[in-house]
Amino acid sequence: MSDYLDEHSALVREAAGRIRPHIRRTPCLTTDLDRQLRLKPECFQVTGSFKVRGAFNAILKLAGRQPRPAGVIAISSGNHAQAVALAASTVGLPALVLIPEDANPAKVAATRALGAEVIQDGITFANREQRLHEEMSARGLTLVHPFDDWDVIHGQGTAAMELLEDEPDLRVIAAPLGGGGLLSGTAISAKSHNEALRVIGVEPAAADDAYRSWKSGSIQSLAAAPTTLADGVRTTSIGTRTFEVMVAKGLVDEVVTVTEEEIAEAVRVSWSRLHLALEPTGALPLAAHLSGKLPAGRAGLILTGGNANLETVATLLRTR
């Protein structure tokens, strides 16, 4: 295990150096909610989400290859889309992103504004993988996967690396969990820092495929994209690489689920008490903390993004 961690943590450190000119080092915040809490607000990140970490690491490496790729392609509900669009435009590569028709319009508009071509017509969670392969084949584009890509995983691991540099004595780190890219990178950074540090993934109860995968020891898939406020984690299963890190290698200690009302309450608390404009997905670790689902001790919460649907947030803030 030590060789595995050494190899991957070295690649996280390489990623940190590679992406440093293009991202923000987000702060480690204390809060009067609980003096034991430390918050890593990636809502302050470039494009408003941690996703730029993995996208820049992957695309900077692609841009250095010879021959240079014709362009990049991605599928995303919005945050990965914006990250890929920015990273690709930075290195001068064309980017095409397939985004489901029912995605957050603000995220779609931001992706286009960053220079990517966006296809939405007829794109659903059910058919987007098929459409992705059709476009890749027709245009000769290179895939930047949102989570099941080692370069993306290592880039995402830089968030936890920074958090532990700022707060080395954490006992728990919690992060949102969809496809598992962030959580896998977090686990690599955390366990290479201190193998006793507990790493916990948080996902909606309505989207519990990762929880069931962790419990069963095999990849479990949802029959369809789940309905949840946390639109950034509407994946139907984790990936093979993320399963390897999280389950096969045992680097994730626990996966917990939170209800839709617990997510809603976390959004309300983040906006009204923390003064952090988190989207529901970004508030998942806070939901786990507020509902008593995290272990006792000094805990770091990676709050992953702030690209909220403002109509949804306005409704949540009016409702209790």
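A few points on the structure.

Cut-offs applied
Residues numbered from 1 in each chain as written. Predicted model: local features only at pLDDT ≥ 70, side-chain atom pairs only at ≥ 80, totals over all residues. Heavy atoms only, no water. Helix = DSSP H or I, 4+ residues; strand = E, 2+ residues; numbered from the N terminus. Buried < 20%, exposed > 50% of the residue type's maximum accessible area, 1.4 Å probe, protein only. Contact = heavy atoms within 4.5 Å. Polar contact = N/O pair within 3.5 Å; in protein donor to acceptor, adjacent residues only side chain to side chain. Axes fitted to C-alpha atoms, helices over the stretch in contact; angles between N-to-C directions. Parallel < 35°, antiparallel > 145°, perpendicular 65-115°, else oblique. Left-handed = near helix turned anticlockwise from the far one by under 90°. Nonpolar A, V, L, I, M, F, W, Y, C, P; charged D, E, K, R; others polar. Pairing = 2+ DSSP bridges.

Let's talk about the environment of glutamate 279
Thinking step 1. With respect to the helices, strands and loops of the structure, glutamate 279 is situated in the loop between helix H10 (260-272) and helix H11 (284-290).
Thinking step 2. Of the residues examined, glutamate 279 reaches a relative accessible area of 1% and is grouped as buried.
Thinking step 3. Look past the residues within four positions of glutamate 279 in its chain and what remains in contact with it is Asn79, Lys107, Asp231, Val267, Gly305, Gly306, Asn307 and Ala308.
Thinking step 4. Among the polar contacts listed, one links the side chain of glutamate 279 to the side chain of lysine 107, at a separation of 2.9 Å.

Considerations on the packing of helix H7 (residues 181-193) against helix H9 (residues 240-248)
Thinking step 1. Where H7 contacts H9, the two axes come as close as 9 Å, and the packing angle between them is 45°. Relative to H9, H7 is oriented oblique. Here the hand of the crossing between H7 and H9 comes out left-handed. When H7 is examined against H9, the residues Gly181, Leu183, Ser184, Ala187 and Ile188 are found in contact with a partner set consisting of Thr242, Val245 and Met246.
Thinking step 2. Of the residues contributing to the contact of H7 with H9, the split by class is five nonpolar, three polar and no charged.

Focus: the sheet that holds strand S4 (residues 117-119)
Thinking step 1. The strand order S4-S3-S2-S5 describes an open sheet built from four strands, whose pairing is parallel. Of all the strands in the sheet, just S4 and strand S5 (142-143) have a single pairing partner and so form its edges.
Thinking step 2. Relative to S4, strand S3 (residues 95-98) runs parallel, the two sharing three bridges. Paired with leucine 96 across the bridge in S4 is glutamate 117.

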